[in-house]
Amino acid sequence: MIKKISHHKAFIKNYVIIDGISRTGKMMLSKIIPTFKNFEQIEYIEFIEYMLAALRFKKISFDFANSFIVTTLNEMSYNKMIGRKQNLRPSDVTSISKFYKKKIYQKRLNFPEGKKVINLLKKNKKFFPLMSHDIMSNYNFFKNFNINFKMIQIYRNPFDIIYSWNKRNWGERFQNDPQPSALLYSSKKKLYPWHVYGREDKWQKKNSVERCSDMVINLIKKSIKNHRSVKDNKKIITISYEDFIQNTDANLFKISKFLNTQKTSLTKKILIREKCPKTYDAEDYLKKKKIYSIKSHKINF
């Protein structure tokens, strides 16, 4: 009988995780931060989100989740160094065509496989950026994984997020649309996103806006609760979406100091494309707040 699932040590010492709940501005940051010096192209890490939700529900053991995550990240890093499994879809943020040094990945296609790649990874001082959803809401599990990381945690005004979620019909789609990749569970022959657990009957009776507000506020509260319990502030930097878009340079300076790296000539070009800095539309926010406070009597944040 196997007593414990185990793994080799993580190859990479500089993982940079951009985390927050959906529609907080992670996509924007994921386009900007990889333009910094010594960065690789960004990758999604949905599998970590699934492992964390499974740990919350006690469906898997921690040693399995830890081993799976470290091993999978090692494989991702290895593949990145030899040009394997590259994303060529031009519109994706993870596409190598979006990366300012895309020729690096083309050259790596001819790099020989083997131990030399692993040795190179272990000596590698580059940053490997990863984008995720909801890690902070399950941070009590994540913090114990055997990976070296720094995290950029982004928050946004809940009414803006609820507006965006409702616009994308997240109050209905989790149950009826197979496209969303969130981890689901079943109860009374209906499907629910993992973060609705324990509130299924009440959630089912709500309208679409109320469902969105319920999910958004629940995830934010989970994230804030875990974030406040973090003792090692050297691992996490907190960013506000509203502050970032208005005071972009100050925030980028703070992030570059946190990561001990610098902006590059491309950073400015990407900021122009992302229209940063820009004015936060306070009137639009107040309009959304009024509308969604009326549509959902359950908003209590």
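Given the structure is predicted, the values throughout are model-derived calculations rather than measurements. (Residues numbered from 1 in each chain as written. Predicted model: local features only at pLDDT ≥ 70, side-chain atom pairs only at ≥ 80, totals over all residues. Heavy atoms only, no water.)

1. A few points about the sheet that holds strand β7 (residues 236-240)
Part 1 of the argument: Spatially, β2-β3-β1-β4-β7 is the arrangement adopted by the five strands of the open sheet, whose pairing is parallel. Each end of this open sheet is capped by a strand with a single partner; those strands are β2 (43-44) and β7.
Part 2 of the argument: The pairing of strand β1 (residues 15-20) with strand β4 (residues 149-155) spans five bridges and is parallel. Along β4, the bridge assignment pairs Ile18 with Ile152.
Part 3 of the argument: Sitting on the sheet, helix α12 (residues 248-259) is in contact with β1, β4 and β7, with an inclination near 170 degrees to β7. (Pairing = 2+ DSSP bridges. Helix = DSSP H or I, 4+ residues; strand = E, 2+ residues; numbered from the N terminus. Contact = heavy atoms within 4.5 Å. Axes fitted to C-alpha atoms, helices over the stretch in contact; angles between N-to-C directions.)

2. Notes on the nonpolar core
Note on soluble globular proteins: their nonpolar side chains tend to be buried together.
Part 1 of the argument: Ile48, Leu73, Ile135, Tyr139, Phe142 and Met151 are the most contacted members of the largest nonpolar core, which has 32 residues in total.
Part 2 of the argument: Looking at this core, the elements that each hand over two or more residues are β1, α2 (46-56), α3 (62-81), α5 (115-123), β3 (128-133), α6 (139-142) and β4.
Part 3 of the argument: No other element matches the six residues that α3 contributes to this core.
Part 4 of the argument: With 30 residues, the next largest nonpolar core counts Leu29, Ile32, Ile42 and Ile239 among its residues. (Core = buried A, V, L, I, M, F, W, Y, C linked by side-chain atoms within 4.5 Å. Buried < 20%, exposed > 50% of the residue type's maximum accessible area, 1.4 Å probe, protein only.)

3. A look at the side chain of Ser132
Part 1 of the argument: The topology assignment puts Ser132 in strand β3.
Part 2 of the argument: A polar side-chain atom of Ser132 sits 2.8 Å from a polar atom in the side chain of Asp19.
Part 3 of the argument: Residues in contact with Ser132, not counting those within four places in the same chain, are Ile17, Ile18, Asp19, Gly20, Lys26, Ile45 and Glu49. (Polar contact = N/O pair within 3.5 Å; in protein donor to acceptor, adjacent residues only side chain to side chain.)

4. So, a nonpolar patch on the surface
Part 1 of the argument: Nonpolar side chains collect at one region of the surface, where Ile2, Ile5, Phe64 and Phe68 lie side by side and expose about 350 Å² of accessible area between them.
Part 2 of the argument: Its place among the elements puts Phe64 in helix α3.
Part 3 of the argument: With a relative accessible area of 35%, Phe64 lands in the partly exposed category. (Patch = residues over 30% accessible without salt bridge, like charges linked within 9 Å, V, L, I, M, F, W, Y side chains within 5 Å. Areas by Shrake-Rupley, 256 points an atom, 1.4 Å probe, with all protein chains shown as cover. Salt bridge = Lys/Arg side-chain N within 4 Å of Asp/Glu carboxyl O.)

5. Some details on the environment of Asn74
Part 1 of the argument: Structurally, Asn74 can be placed in helix α3.
Part 2 of the argument: Spatially, the C-alpha atoms of Asn74 and Tyr100 are 24 Å apart, while their sequence positions differ by 26 residues.
Part 3 of the argument: Setting aside residues up to four positions removed in sequence, Asn74 forms contacts with His8, Lys9, Ala10, Phe11 and Tyr15.
Part 4 of the argument: Here Phe11 takes part through its backbone nitrogen, which lies 2.7 Å from a polar atom of the side chain of Asn74.

6. Quick word on the packing of aromatic side chains
Part 1 of the argument: Overall, the coordinates contain 16 aromatic pairs when judged by the stated rule.
Part 2 of the argument: Here the aromatic rings of Trp170 and Phe174 are separated by 5.3 Å at their centres, their planes lie at 25 degrees, and the arrangement is stacked. Here Trp170 pairs with Phe174, and both are found in helix α8 (residues 170-176), just four residues apart, close to one helical turn.
Part 3 of the argument: The ring centre of Phe258 lies 4.9 Å from the NZ or CZ of Lys150, which sits over that ring. (Phe/Tyr/Trp six-rings, centres within 6.5 Å; stacked < 30°, edge-to-face > 60°. Lys NZ or Arg CZ within 6 Å of the ring centre and 35° of its normal.)

7. Things to note about the pattern of salt bridges
Part 1 of the argument: Going through the model one piece at a time under the given rule, you end up with 10 salt bridges.
Part 2 of the argument: For Lys206, the salt bridge is made with Asp214, and the minimal N-O distance between the two is 2.8 Å. Here the two residues Lys206 and Asp214 agree in accessibility, since each one is buried.
Part 3 of the argument: Salt bridges here are not isolated pairs; linked through shared partners, they connect Arg199, Lys206 and Asp214.

8. Some points on the side chain of Thr248
Part 1 of the argument: Here Thr248 shows up in helix α12.
Part 2 of the argument: Taking the relative accessible area as the measure of exposure, Thr248 reaches 1% and is therefore buried.
Part 3 of the argument: Here Phe244 takes part through its backbone oxygen, which lies 2.8 Å from a polar atom of the side chain of Thr248.
Part 4 of the argument: Sequence-distant contacts of Thr248, defined by excluding residues within four places in its chain, comprise Asp243, Leu271, Cys276 and Pro277.

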